[in-house]
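Observations on the model geometry
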Amino acid sequence: MNKKILIPVIITLILAAGIGAYFIFQKPAFPEPQQVHCLEDAKVCPDGSAVGRVPPNCEFGSCPKDISKTETDKKTSDNTPQWPQSGYDSENSGRSPYIGPKTNKLKWEFQDGKTACGHETVMTSPVIDKKGNLYFGTSEGSLIALTPDRKIIWRYTIPDAYSRDKCSGMSSMYGARELYDLNIDYTPAIDSDNTIYFGTSGQENAKKIYAIDSKGKLKWTYIIDSALQSDIKLGHNQRIYFTTNTKIYSLDKNGKDAKTYPIEGESNSPAIAKDSAVYVCSKEGLIALDKDLNRQWVYQTPKELIRCDPAINPDGNIIYFPANRENKLYAVNNNGTLKWKSDIFWNESSPSVAKDGTIYIGTANPGVDINSCQPLEKGSGVFFAFNPDGKEKWRYYVPPVKYMKEAGGEDNLIDCYDNTRAIDGPSIISSDGTIYFGTDARLFIALNPDGIEKWRFQTPLGDEFDRKGAISSDGTLYIAHAGGGKGGLFAISDGAINDGSGSQSGTCAVGSETGVKCSSKDKCSSR
């Protein structure tokens, strides 16, 4: 080829290669996407949080996983019970990992017969295994295993169980075989091995702690010095704790290696921190013990503590407890120093502690004339919420309920108001923040975290709701009557078809409440 022609061709090729390389290495392989601007609206998730739209398609983002489902998945992978003990955890916080019912619909009611005197069998609060089966004790001396659809799996009856068959002298309340002489009166506990622990509290029972396996067979017993005076508590160190009138006990899971420390008091359940520190109320005040029940310190109160169950805050460094003979709620640091104390009314229940640190406690205002048939603005029950610094956040007043009272025969009825709405029972807290608690005279209440009433549940002719509830992974709330004369275990569920009455039929309206059963002894009318 002629050199004069070849040289320009070569130069042209070199220039073309250089220009091509420039575009290849300086320009992106794909065009840059344009910035997408989505609408600034939001979707409210089931847990109350909100999510916005996400580019590039401007679809709403994913809601947080339903904690109840998350916990359910977690618990089905191991043997962790759904509700292992009174107050759910060792700390007595009352916080459930599950979302409880948003309505007061009754799923079912379980009864276990009557005594010769007509007293209904009274149940303890239940504990719940990983499959959702319930375990609870009865006033007549049985531990019952029940399926979530109310079928008895098995029944273990203590050898010296007796019926409350004395119909006279009940004014003493605590006479042998009388109204409040309950064979089993405190909530059992269930561990990850599906062993159920409970104790006897009847005056004529042998004073023992029992361990029963998941088939209803006895594993072991342990003799204690006097009747059980607390719920059975499970520690983080795989030990069980409980009290009598004179001692706090700690046992290993085999009923061995017993440790004790002397206390004085009535119905004082302990709380156990994650570091295995044990806190228990006694005559002298709040006592702190180490894992071996060696005394660490005592915070002395002016008056003795009875019916006092401490609760521990989420960080584990503050212990809350009521002093019902002072009408005070105390907060004590885990080194034994006072953080604060706040005024409350008379109290017979333990506090519960929300995950944000809010402390809840139910009380009874003794200044309310509960014997009056006159309509009162407020009933005797007052439910308090306190901020972590001890300042009152809000309070809720349990309203009186209107009913019609016989005055000399069924045909002579007068309007009357039941003002007996004292809150004797502890509260529990759903994972969405709903607070559940019971009152005297048949009423169970759900409140939103801001103190606004969510719903009420009232039984037909029942008794006090003084026991802690329990929530299963499917959102069912289980509650039990605690009075000596009326019993019953109730399942409340959003999936139920009933109207929250406490009875499957024969309901009517009373004031602002619905579902109170009409009878010749308790006729009702709307306002």
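Bear in mind the structure is a predicted one, so any value in this text is a computation, not a measurement. (Residues numbered from 1 in each chain as written. Predicted model: local features only at pLDDT ≥ 70, side-chain atom pairs only at ≥ 80, totals over all residues. Heavy atoms only, no water.)

Attention shifts here to the overall build of the chain. Across its full length, the chain holds 2 helices and 39 strands. With 527 residues in all, the chain has 54% of them scored as buried. Long-range contacts, defined as pairs at least 24 residues apart, comprise 49% of the intrachain contacts of the chain with a sequence gap of at least 6. Counting only carbon and sulfur atoms, one obtains 51% of the accessible surface of the chain, whose full area is about 23,200 Å². (Helix = DSSP H or I, 4+ residues; strand = E, 2+ residues; numbered from the N terminus. Buried < 20%, exposed > 50% of the residue type's maximum accessible area, 1.4 Å probe, protein only. Contact = heavy atoms within 4.5 Å. Areas by Shrake-Rupley, 256 points an atom, 1.4 Å probe, with all protein chains shown as cover.)

Looking now at the sheet that holds strand E25 (residues 352-353). In sheet architecture, strand pairing relies on hydrogen bonds along the backbone and comes in two forms, parallel and antiparallel. Across the sheet, 4 strands lie side by side as E25-E26-E27-E28; this open sheet has antiparallel pairing. The open sheet is flanked by E25 and strand E28 (392-397), the only strands paired with a single partner. (Pairing = 2+ DSSP bridges.)

Throughout the structure, instances matching the rule amount to 26 aromatic pairs. Measuring from ring centre to ring centre gives 5.9 Å for Tyr320 and Trp340, while their planes differ by 40°; the resulting arrangement is tilted. One end of the pair, Tyr320, is in strand E22 (residues 318-323); the other, Trp340, is in strand E24 (residues 338-343), with 20 residues separating them in the sequence. The exposure classification of Tyr320 matches that of Trp340, with both residues buried. Put simply, the rings of Tyr320, Trp340, Phe345, Phe384 and Phe386 touch in pairs and so form one group of aromatic residues. (Phe/Tyr/Trp six-rings, centres within 6.5 Å; stacked < 30°, edge-to-face > 60°.)

In space, the 4 strands of this open sheet follow the order E17-E18-E19-E20, with antiparallel pairing throughout. Of all strands in the sheet, those bounded by a partner on one side alone are strand E17 (271-272) and strand E20 (295-300).

Attention shifts here to the nonpolar core. One finds Phe457 and Leu477 to be the most contacted residues of the largest nonpolar core, which totals 29 residues. Only strand E4 (106-110), strand E6 (134-137), strand E7 (142-146), strand E33 (443-447), strand E34 (453-458), strand E35 (470-471), strand E36 (477-480) and strand E37 (489-492) provide two or more residues apiece to this core. (Core = buried A, V, L, I, M, F, W, Y, C linked by side-chain atoms within 4.5 Å.)

Most peptide bonds adopt trans geometry, and most residues besides glycine take a negative phi value. A positive phi angle, near 75°, is found at Tyr88, a position not held by glycine. You can call Tyr88 buried: its relative accessible area is 15%. With a phi close to 80°, Arg150 is a non-glycine residue in the positive phi region. For Arg150, the location among the structural elements is in the loop between E7 and strand E8 (152-157).

What follows covers the side chain of Thr434. One can find Thr434 in the loop between strand E31 (428-429) and strand E32 (435-438). Of note is the side chain of Thr434, whose polar atom sits 3.0 Å from the side chain of Asp432. Within the structure, the side chain of Thr434 is placed 2.8 Å from the side chain of Lys454, a separation counted as a polar contact. Those residues within four positions of Thr434 in sequence are excluded, and the remaining contacts are Ile428, Ile429, Ala446, Leu447, Pro449 and Lys454. (Polar contact = N/O pair within 3.5 Å; in protein donor to acceptor, adjacent residues only side chain to side chain.)

Counted under the stated rule, the structure contains 21 salt bridges. With a shortest N-O distance of 2.8 Å, Arg164 and Glu140 are connected by a salt bridge. Remark: Glu140 occurs in the loop between E6 and E7 and Arg164 occurs in the loop between E8 and strand E9 (189-190); sequence separation between them is 24 residues. Like Arg164, the residue Glu140 is buried in the burial classification. Across the pair Lys253 and Asp193 runs a salt bridge, and its minimum N-O distance is 2.8 Å. Within this pair, whereas Lys253 is found in the loop between strand E15 (247-252) and strand E16 (259-262), its partner Asp193 is found in the loop between E9 and strand E10 (196-199), the two being separated by 60 residues in sequence. Members of the salt-bridge network, linked through shared partners, are Arg239, Asp257, Lys259, Lys291 and Asp292. (Salt bridge = Lys/Arg side-chain N within 4 Å of Asp/Glu carboxyl O.)

As a further point, take the pairing of E20. Direction of pairing for strand E19 (residues 285-289) relative to E20: antiparallel, over a ladder of 5 bridges. By the bridge assignment for E20, Leu286 is matched with Tyr299.

Turning next to the environment of Ile99. Assignment of secondary structure puts Ile99 in the loop between helix H2 (67-76) and E4. Judged by its relative accessible area of 15%, Ile99 is buried. Through-space distance from the C-alpha of Ile99 to that of Gly475 is 5.5 Å; in sequence the pair is 376 residues apart.

Attention shifts here to the environment of Glu326. Topologically, Glu326 is positioned in the loop between E22 and strand E23 (328-333). Judged by relative accessible area, Glu326 falls into the buried class, the value being 17%. Distance from Glu326 to Phe345, taken between C-alpha atoms, is 8.7 Å for residues 19 residues apart in sequence. Residues contacting Glu326, with those up to four places away along its chain left out, are Thr301, Pro302 and Lys303. In terms of polar contacts, Glu326 uses its side chain to reach the side chain of Tyr330, at 2.8 Å.

The predicted model of the chain has a mean per-residue pLDDT of 82, with 73% of residues at 70 or higher. Per-residue pLDDT stays below 50 along residues 66-76; that stretch engages in 20 contacts with residues further than four places along the chain or on separate chains. Across residues 501-527, where pLDDT falls below 50, the model places 83 contacts with residues more than four positions away in sequence or in other chains. (pLDDT = per-residue confidence, 0-100.)

On to the environment of Asp89. Here Asp89 shows up in the loop between H2 and E4. The class for Asp89 is buried, based on a relative accessible area of 12%. At 3.0 Å, the side chain of Asp89 and the backbone nitrogen of Asn92 are in polar contact.

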